[in-house]
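Chain residues, written in single-letter form:
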Amino acid sequence: MTSIALFNNKGGVGKTTLVYHLAHMFQRLGLSVLAVDLDPQSNLTAMCLDETELEELWEDSSALIDHGTGRVRAGETVADAVRPILEGTGDIRNVSPTPLVPDLWLLPGSLELSRFEDKLSHEWFRTYAADPAAIRSTTAFHRIIRGAADAVRADIVLIDIGPNLGAINRASLLAADSVLMPLAADLFSLNGLRNLGPTLRSWRQDWQQLILPRSPDGIPAPKAAMRPLGYVIMQPEMRLDRPVKAYARWLERIPGVFDTAVVGMDAAPPRDRSFEIATMRNYRSLMPLAHDARKPMFDLKPADGALGSTQKYVQTCFREFRGLAEEIATRLATRGPEEQ
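Residues numbered from 1 in each chain as written. Predicted model: local features only at pLDDT ≥ 70, side-chain atom pairs only at ≥ 80, totals over all residues. Heavy atoms only, no water.

(A) Broad picture of the pairing of strand β6 (residues 104-107). Of the two faces of β6, the one carrying Leu-104 and Leu-106 and the one carrying Trp-105 and Leu-107 are both buried. Bridge count for strand β2 (residues 33-37) against β6 is four bridges, and the pairing is parallel. Note that in β6 the partner of Ala-35 across the bridge is Leu-106. Bridge count between strand β5 (residues 98-101) and β6: three bridges; the pairing is antiparallel. What sits directly across from Pro-99, in β6, is Trp-105. Between β5 and β6, which pair antiparallel and follow one another directly, the connecting turn spans two residues, one of which, Asp-103, has a positive phi of 70°. (Buried < 20%, exposed > 50% of the residue type's maximum accessible area, 1.4 Å probe, protein only. Helix = DSSP H or I, 4+ residues; strand = E, 2+ residues; numbered from the N terminus. Pairing = 2+ DSSP bridges.)

See below:
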């Protein structure tokens, strides 16, 4: 099993949409997939489940009724899993992933997860002293994901993370083998990379060199590889007041900033685009149809309203997402032994 965190500390670039469609495409390619929603905004969960399912999940997730037996069962969100740690009553609670389609599961998020932020922030500094309770809190996401992935025998885990550099995201990223960054070709994404890259490298170094060697044997801890897998350019809707050359200008600068800030190269090789995985066109005209049909954009049929030229657009969408998923799979397969 390998895990990929999709992360950008700038919002609005299409990150959750990318997670959702990659999860479905990997499943179409024959992999068992677990999608994990660690963004307290829970947009991935809202994309995957309908309103009735969300109401049942969130209304009182600490005491859900199993209508088959009439018995109370444990909640099934990530927030439910960490509640014993948050309330000081115990360790993580195992939760069962929600099946979406065969070989695709969701570990749902919840707005309640935001309560875990202060706890993780406070405990981080105590991890340097190898405090068991602090290590238990900081590794909670890793252990929850590992347990859920083992339960469904997932080949790949996709982790959706919110757009910030807070404590929840730090714990989320520590649990990731690789990091994939959706980017827009603009000044905000470029500056975001300059802030994000050094922070990721600092977290990785502190965990691997200062914390992990002293971690208690009884608490499974992540290696925090956080390998930069690469980035995906998400094309924006072109505005009449934004010339194409402005888009091209930022596009040209991304590879060098990614190499130096995220990968940590002393100097970026000229015109090196080895970490650029793909450029995905804007499919916002398909999103309303996909939302109403509750399916990926590339699965839309004429019965869903994808008629005429729109159906050709759906086919293009399928080809692009299939190519993206295959390229990611290839990059994962070419990792060195030290990165496994």
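(B) Here's a closer look at the packing of helix α4 (residues 78-87) against helix α7 (residues 140-152). As a packed pair, α4 and α7 sit with axes 11 Å apart at the nearest point and diverge in direction by 130°. Considering the angle they form, α4 stands oblique to α7. Here α4 runs over α7; the crossing is right-handed. Seen from α4, the contacting residues are Val-78, Ala-81, Val-82 and Ile-85; seen from α7, they are Ala-140, Phe-141, Arg-143 and Ile-144. Classifying every residue of the contact of α4 with α7 gives seven nonpolar, no polar and one charged. (Axes fitted to C-alpha atoms, helices over the stretch in contact; angles between N-to-C directions. Parallel < 35°, antiparallel > 145°, perpendicular 65-115°, else oblique. Left-handed = near helix turned anticlockwise from the far one by under 90°. Contact = heavy atoms within 4.5 Å. Nonpolar A, V, L, I, M, F, W, Y, C, P; charged D, E, K, R; others polar.)

(C) Molecular detail of the sheet that holds strand β7 (residues 156-160). Read across the sheet, eight strands follow the order β5-β6-β2-β7-β1-β8-β9-β10 without closing on themselves; strand pairing throughout is mixed. What marks the edges here is a single partner per strand, and that holds for β5 and β10 (276-280). Sheet twist, expressed as the mean angle between neighbouring strand axes with direction ignored, is 25°. Bridge count for β2 against β7 is five bridges, and the pairing is parallel. Pairing of Asp-37 across the sheet is with Asp-160, part of β7. Strands β8 (178-183) and β9 (227-234) of the sheet are contacted by helix α9 (residues 187-211), whose axis makes an angle of about 170° with β8. Where helix α12 (residues 309-333) meets the sheet, it contacts β1 (2-6), β7, β8, β9 and β10, and its direction lies at approximately 170° from that of β10.

(D) Summary view of the confidence of the model for the chain. Here the chain averages 88 in pLDDT, while 89% of its residues score no lower than 70. Taken together, the stretch residues 63-67 has pLDDT below 50 and engages in 16 contacts with residues farther than four places along the chain or on a different chain. Taken as a whole, residues 69-74 scores under 50 in pLDDT and shows 14 contacts with residues more than four places along the chain or in a different chain. (pLDDT = per-residue confidence, 0-100.)

(E) The pairing of β8, seen in detail. With six of six residues buried, β8 is to be regarded as a mostly interior element. By the alternation rule, side chains of β8 split into Ser-178, Leu-180 and Pro-182 and Val-179, Met-181 and Leu-183, which are all buried. Bridge analysis of β1 against β8 gives three bridges, and the strand direction is parallel. The partner of Leu-6 across the bridge, within β8, is Leu-180. Taken together, the six bridges between β8 and β9 define a ladder with parallel strand orientation. In the sheet register, Leu-183 faces β9, and the bridge partner there is Ile-233. Handedness of the β8-α9-β9 crossover: right-handed. (Right-handed = clockwise from strand over helix to strand, strands pointing away.)

(F) Seen up close, the packing of aromatic side chains. The final tally for this structure, using the stated rule, is eight aromatic pairs. Aromatic pair Phe-116 and Phe-141: ring centres 5.8 Å apart, planes at 70°, arrangement edge-to-face. With Phe-116 in helix α5 (residues 116-127) and Phe-141 in helix α7, this residue pair connects regions lying 25 residues apart in the sequence. Overall, the relative accessible area of 1% leaves Phe-116 in the buried class. According to the relative accessible area criterion, Phe-141 is buried, its value standing at 2%. With centroids separated by 6.4 Å and ring planes inclined at 15°, the aromatic side chains of Trp-124 and Trp-207 adopt a geometry described as stacked. (Phe/Tyr/Trp six-rings, centres within 6.5 Å; stacked < 30°, edge-to-face > 60°.)

(G) Looking closely at the nonpolar core. One finds Leu-34, Phe-141, Ile-159, Leu-173 and Met-181 to be the most contacted residues of the largest nonpolar core, which totals 62 residues. In terms of residue count, the dominant contributor to this core is helix α10 (residues 244-263) (eight residues). Every residue in contact with Leu-34, bar those within four places of it in the chain, is listed here: Pro-97, Trp-105, Leu-106, Leu-107, Ile-145, Ala-148, Ala-149, Ala-154, Ile-156, Val-157 and Leu-158. Membership of the second largest hydrophobic core comes to 41 residues, among which are Ile-4, Ala-23, Leu-44 and Leu-54. (Core = buried A, V, L, I, M, F, W, Y, C linked by side-chain atoms within 4.5 Å.)

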